[in-house]
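Listed below, chain by chain, are the residues.
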Amino acid sequence: MIPLLERAWAALRTRLFEPQPIARLVFLRIFVPLAILAFLASRLVHADDWLSTAGFHPPTLVDDWRQPLSIPPLSPALAWVVAIALVVSGLGTALGAATRVTTALFAALLAYTTLADRLEAFTVSKLGTVLVIALAFTPCGARWSIDAWRRHRRDPKAPRPTHCSGGNVRFFQLLIPIFYFSSGICKATGDWLKNPHVLYSHLHDSYQTPVSYFAANHVPAWMWAVMQGTTLAFEVAAPLWFGLRRTRRYALAYGIAMHTLIGLMFGPVMWFALLMIVLLVGGYANERLLATLLPTTKIASAGR
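Notes on the structure in this doc start here.

Here the focus is the packing of aromatic side chains. A full pass over the atoms with the stated rule returns 11 aromatic pairs. With a centroid separation of 6.3 Å and 50 degrees between ring planes, the pair formed by Tyr-200 and Trp-224 is classed as tilted. One end of the pair, Tyr-200, is in helix 9 (residues 198–201); the other, Trp-224, is in helix 11 (residues 221–236), and 24 residues separate them in sequence. Under the relative-accessibility criterion, Tyr-200 is labelled partly exposed at 28%. Judged by relative accessible area, which is 3%, Trp-224 ranks as buried. An angle of 45 degrees between the planes, with centres 4.8 Å apart, marks the rings of Phe-242 and Tyr-284 as tilted. Here Phe-242 is found in helix 12 (residues 238–243), whereas its partner Tyr-284 is found in helix 14 (residues 270–284), with 42 residues between them in sequence. An aromatic cluster of three or more residues is present, and its members are Phe-179, Tyr-180, Phe-234, Phe-242, Tyr-254, Phe-272 and Tyr-284. Above the plane of the ring of Trp-192 lies Lys-187, whose end atom (NZ or CZ) is 5.3 Å from the centre.

The rules we used
Residues numbered from 1 in each chain as written. Predicted model: local features only at pLDDT ≥ 70, side-chain atom pairs only at ≥ 80, totals over all residues. Heavy atoms only, no water. Phe/Tyr/Trp six-rings, centres within 6.5 Å; stacked < 30°, edge-to-face > 60°. Helix = DSSP H or I, 4+ residues; strand = E, 2+ residues; numbered from the N terminus. Buried < 20%, exposed > 50% of the residue type's maximum accessible area, 1.4 Å probe, protein only. Lys NZ or Arg CZ within 6 Å of the ring centre and 35° of its normal.

Okay, structure coming up:
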C-alpha cells in the first residue's frame with residue numbers, strides 16, 4: 001500500500017510542477033496591475049484625503065483584537081509621493097521594466113495602502129496585494145517585457161523562454177477554486193440555502209446600475225433563484241469543476257460570464273469582476289490562445 005501511495009504522490013508532484021507556459025505569467029503581469037490601478041484611481045486622485053492627516057482616519061484602538069495593526073496617516077506631501085510611486089511601480093510591473101524591483105515595490109505599497117485604509121479595504125485591495133506579491137516571486141518579466149527586450153538587445157542569440165517552472169503558475173490556478181470554494185461555503189452557511197431571493201435582493205442596494213435596474217424589472221423572479229442555485233453549485237464544487245479536464249472549459253466560461261454580469265449589475269464591484277476575469281483567463285484559458293501573445297521559440301527553462 002505504501003509504494004502505491006508513494007507512486008501516487010510522485011505522480012501528483014510531477015503533475016503540479018511540470019513546466020507551464022510563461023504566457024500565463026505574462027498575461028497576469030500585464031493585466032493584474034492595470035485592474036488594480038483602475039480600482040484605486042478614484043482614491044489616487046485624492047491621495048492627501050486618502051492617506052494623509054488631511055482626511056478622516058479612524059482612531060487607534062488600544063489592545064483591541066479588531067485592530068491588530070494601526071498605521072498612522074502620512075503628511076499630505078508624503079501621501080502624494082506614495083500615490084505616485086504606486087502608479088509608477090504598477091505601470092512598471094505591467095510593462096515589465098526592472099520587473100524584480102517594480103513588482104516588489106508595487107506589492108509593498110499595495111500592502112501598505114490596504115492596511116492604512118482599513119475602512120475601505122475592498123476585495124480588490126486584499127486579493128490584488130496577494131497576487132502581486134506572488135508575481136514578485138516569479139519570472140513574469142522574462143518575456144514580452146522591457147526587460148526581455150533589453151536582454152535581447154544585448155544578446156540577440158540568447159534563448160527566449162516559453163515555459164517556466166510549474167509552481168509559478170500553479171499558485172494562481174489553485175487560488176481560483178480555493179477562493180470560490182471558500183466563498184461558496186460562506187454563502188451556504190448563510191442565507192443562500194434558506195432564502196431563494198438573496199441574489200435578487202442584491203439588485204436593489206446602493207450598487208444598482210441601469211443594467212441591474214432593467215434586469216430587476218424584466219427578468220422573471222424564478223430565474224434569479226435558478227442563478228442563485230447555479231452560482232452556489234459552481235462555487236462550492238469549484239475544485240471539481242476546475243480540477244477535471246473535461247469540465248474546466250465550462251467552468252472558465254461560467255466564471256467569466258458570472259463576473260461579467262457582476263460587473264455590469266453591481267457598480268463599483270466591476271473592478272473586482274475585472275480582476276477575477278483576468279485571473280481566470282491567465283490561469284485557465286487555452287494555452288494556444290495565450291501563446292498568441294508570444295512568438296513561438298524553442299522551449300527553455302525560466303524557473304527561479
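After presenting the structure, the write-up continues.
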